[in-house]
Amino acid sequence: MTLDADLYSIQEVRTYLAQAKEAQAKLASYTQEQIDAIVAAMSKAGVEAAERLAAMAVEETGFGNIPDKRMKNLFASQDVYAWIKDQKTVGIVGKDEENKVWEVAQPFGVVAGIVPSTNPTSTVIFKSMIALKARNAIVFSPHPSAAKCTLEAAQLMAKAAVQAGAPEGLIHCVSKPTLPATNELIKHKLTNVILATGGSAMVRAAYSSGKPAYGVGPGNVPVYIHHSAELAAAAKRIVQSKTFDYGTICASEQALVIEETIKHQMIAALKREGAYFLDEHEKERVAAIIMVNGSLNAKIVGRSPHVIAQMAGISIPADTRVLIAEESCVGKTYPLSVEKLAPILALYTVQDGTEAFARCRELLEHGGLGHTAGIHATDENVIASYGQAMPASRIPVNTGTTFGGIGATTGIQPSFTLGCGSFGGNITSDNIGPKHLFNIKRIAFGVREMPESQPVQTQAASQAEEAVLQAVSSMNVGLSRDEIKNIIKSVLTEMTS
């Protein structure tokens, strides 16, 4: 009998969760040295398979290109590993000697890993390593259009972990993903925490599952080009960033906000880097294919500018790397103002910093709250003001936002899961890493004594006591005032006990 696809995938999830729970219970007793050896082996396996997995991802999804997908896999395998390899995640991970508080790491248990189609293999490498570094197991739910390459990456990570001494069953991936299977995974009693990377609907489902969840929001990233910027360097960095894997990373630039005094110079610099500026007719043709039924057109995601131009029915030079169109408005009826996971940029002209700040905020509010906002400038006062004013969790400065946001060219934690904080309805604004996947227990020593509670005496009682003292003292009974006071207190205590 052939099992229904939904039922098959749901049963697969249940089986994998049970196996993961059992394996994680064993992993929880591993030493830091054992954990580190396992993660090192996973990193090595990811590096060795980077190009093969990249080719699989491009072939299956049609998104991006092999060289950049390879770079993503290497970033997950090498850069993330370099950041986390020396982190303490077992036993006592911190001591505050002054306050006598010791911090103890306690793994969450089983992680549900939601994987997007735009970054399937790199996301699996990344999430597998941070999950096991924190002594968790992980079960992946891939996007249906990236099921094969996601499964291959998960099996690669699982094999490397076991060969390095990990128990069998720590890493699983649903082989035939369905929506019911994903719902089962995120709501099942054996799932302890969710790492959700994907579309807004999937992230909302993760947050409404009743489980702790780390989700991400969309990244409608504005970039302010201030008149103090080094324009040639800014243009080079922007084009390199926006064209990386054809714009599939959500931290990539979406709109350039340029001061009018430097507009012509900046446009010239962008053209030298391979930008093609659309005329009004071409702009209309491209804008018409960006959205479908109110959502981003999946057919343009991760496609080259030449494929997009062909879809739009326009001709562009052979050396074009990115398409740019001037825009003046933001909103649903202006497709260029949305998040475009493709090598397409909007360009807005402003008169000064005040107008630039307002435009950047407007773009973030239109679909990128809490994510990323970039700036190119050398005036540190402007940079500081911009960073404080933008409702974004990452403010890359003088670098491509794709690379700056994920921590490739900045000093923030390398990650493929970028929290958007309360701005974007997320629990954290951090770049997610192992420390987000374990609880911290605190062993707290007594460092001071609690003072004894004293009876509370009301003003009326105090006045009554004073009146009694005066009355008794006037009777000349041969007792001192303190002796009389003690007798009164003793009587009052007996009355209230």
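Before any of the text, the structure's been laid out above.
Definitions and limits used
- Residues numbered from 1 in each chain as written.
- Predicted model: local features only at pLDDT ≥ 70, side-chain atom pairs only at ≥ 80, totals over all residues.
- Heavy atoms only, no water.
- Helix = DSSP H or I, 4+ residues; strand = E, 2+ residues; numbered from the N terminus.
- Buried < 20%, exposed > 50% of the residue type's maximum accessible area, 1.4 Å probe, protein only.
- Contact = heavy atoms within 4.5 Å.
- Areas by Shrake-Rupley, 256 points an atom, 1.4 Å probe, with all protein chains shown as cover.
- Lys, Arg positive; Asp, Glu negative; His and termini not counted.
- Charge placed at Lys NZ, Arg CZ, Asp CG, Glu CD.
- Disulfide = S-S within 2.5 Å.
- Polar contact = N/O pair within 3.5 Å; in protein donor to acceptor, adjacent residues only side chain to side chain.
- Pairing = 2+ DSSP bridges.
- Axes fitted to C-alpha atoms, helices over the stretch in contact; angles between N-to-C directions.
- Core = buried A, V, L, I, M, F, W, Y, C linked by side-chain atoms within 4.5 Å.
- Expected span 1.5 Å × (residues − 1).
- Arc of directions from axis to C-beta.
- Parallel < 35°, antiparallel > 145°, perpendicular 65-115°, else oblique.
- Left-handed = near helix turned anticlockwise from the far one by under 90°.
- Nonpolar A, V, L, I, M, F, W, Y, C, P; charged D, E, K, R; others polar.
- Phe/Tyr/Trp six-rings, centres within 6.5 Å; stacked < 30°, edge-to-face > 60°.

When you go through the protein chain residue by residue, the secondary structure sums to 17 helices and 18 strands. Viewed in the frame of its principal axes, the protein chain has a C-alpha envelope of about 115 × 65 × 40 Å. Buried positions account for 53% of the 497 residues belonging to the protein chain. Within the protein chain, residue pairs in contact and separated by at least 24 positions form 73% of the contacts whose partners lie at least 6 positions apart. For the protein chain, the accessible surface area stands at approximately 22,500 Å², while carbon and sulfur atoms represent 52% of it. Side-chain charges in the protein chain split into 45 positive and 48 negative, and the spacing between the mean points of these groups amounts to 6 Å.

Here the focus is the state of the cysteines. Scanning the entire structure with this criterion turns up 0 disulfides. For cysteine 149, which is in no disulfide, the shortest distance to another cysteine sulfur is to cysteine 173 and amounts to 9.2 Å. Residue class for cysteine 149 comes out buried when judged on its relative accessible area of 0%. A disulfide-free cysteine, cysteine 329 has its sulfur positioned 16 Å from the sulfur of cysteine 360, the nearest such atom. Classification of cysteine 329 by relative accessible area gives partly exposed; the value is 28%.

Next up on the list: the side chain of threonine 372. Here threonine 372 lies in strand 15 (residues 370–372). According to the relative accessible area criterion, threonine 372 is buried, its value standing at 0%. For threonine 372, the side chain forms a polar contact with the side chain of histidine 371, separated by 2.8 Å.

Okay, unusual backbone geometry next. Even without being glycine, arginine 135 reaches a positive phi, approximately 70 degrees. Within the element layout of this structure, arginine 135 appears in the loop between helix 5 (120–133) and strand 4 (137–141). You will see that asparagine 293, though not glycine, has its phi angle at about 55 degrees, which is positive. Topologically, asparagine 293 is positioned in the loop between strand 11 (291–292) and strand 12 (295–296).

The antiparallel open sheet is built from 3 strands, whose spatial order is 1-2-18. Each end of this open sheet is capped by a strand with a single partner; those strands are strand 1 (92–96) and strand 18 (438–444). Across this sheet, the average inter-strand angle for adjacent strands is 25 degrees, counted without regard to direction. Examined bridge by bridge, strand 2 (residues 101–107) and strand 18 share 7 bridges and lie antiparallel to one another. Residue pairing for strand 18: glutamate 103 is matched across the bridge by arginine 442.

Right, let's talk about the nonpolar core for a bit. Judged by nonpolar contacts, the single largest core of 72 residues is most densely connected at Met42, Leu132 and Ile171. Non-local contacts of methionine 42, meaning those with residues more than four positions away in its chain, are made with Ser128, Met129, Leu132, Met157, Ala160, Ala161 and Ile171. In terms of nonpolar packing, the next biggest core, distinct from the first, is built from 37 residues, Ile289, Ile316, Val338 and Phe357 among them.

In this model helix 5 runs 20 Å from its N-terminal to its C-terminal C-alpha over 14 residues, within 8% of the 20 Å that 1.5 Å per residue would give. Within helix 5, 14 of the 14 residues are buried, which leaves the element mostly enclosed by the surrounding structure. Just beyond helix 5, the residue with positive phi is arginine 135, at close to 70 degrees.

Taken in spatial order, the 5 strands of this open sheet run 5-4-3-6-7, and their pairing is parallel. Whereas interior strands pair on both sides, the edge strands pair on one side only; in this sheet they are strand 5 (171–173) and strand 7 (213–215). Taken over all neighbouring pairs, the strand axes of this sheet differ in orientation by 15 degrees on average, direction set aside. For strand 6 (residues 193–196) and strand 7, the ladder comprises 3 bridges, and the chain directions are parallel. In the strand pairing of strand 7, alanine 196 is matched with glycine 215. Helix 8 (residues 200–207) rests against strand 3 (110–114), strand 6 and strand 7 of the sheet, and its axis sits at about 160 degrees to strand 7.

Compared with an ideal rise of 1.5 Å per residue, which puts 12 residues at 16 Å, helix 3 (residues 50–61) spans 16 Å between its outermost C-alpha atoms and is within 8% of the ideal. Among all positions in helix 3, only Ala50, Leu53, Ala54, Ala57, Val58 and Thr61 are buried. Angular distribution of buried residues about the axis of helix 3 spans 135 degrees; they occupy a single face of the element. Packing partners of the buried residues in helix 3 comprise helix 2 (32–48), helix 4 (66–84), helix 5 and helix 6 (147–163). Taken from the residues just after helix 3, glycine 62 is the one with a positive phi, measuring 80 degrees.

Glancing now at the packing of helix 3 against helix 4. At their nearest, the axes of helix 3 and helix 4 sit 8 Å apart, and the two run at 125 degrees to each other. Put simply, helix 3 runs oblique to helix 4. The chirality of how helix 3 crosses helix 4 is right-handed. Contact with helix 3, carried on its side by Ala50, Glu51, Leu53, Ala54, Ala55, Ala57 and Val58, involves Ile66, Lys69, Arg70, Asn73 and Leu74 of helix 4 and no other residues of that element. The residue inventory of the contact of helix 3 with helix 4, partitioned by class, reads 8 nonpolar, 1 polar and 3 charged.

Now for the packing of aromatic side chains. This structure, assessed with the given rule, holds 7 aromatic pairs. Here tryptophan 102 and phenylalanine 445 contribute two aromatic rings whose centre-to-centre distance is 5.0 Å and whose plane-to-plane angle is 65 degrees, an arrangement assigned as edge-to-face. Of this pair, tryptophan 102 sits in strand 2 while phenylalanine 445 sits in the loop between strand 18 and helix 16 (459–474), and the two are 343 residues apart along the sequence. Accessibility expressed as a relative area gives 21% for tryptophan 102, which makes it partly exposed. Looking at phenylalanine 445, the relative accessible area reads 37%, which means it is partly exposed. With centroids separated by 6.1 Å and ring planes inclined at 85 degrees, the aromatic side chains of tyrosine 224 and phenylalanine 357 adopt a geometry described as edge-to-face. In this pair, tyrosine 224 sits in strand 8 (residues 221–225) while phenylalanine 357 sits in helix 13 (residues 353–365), placing the two residues 133 residues apart along the sequence.

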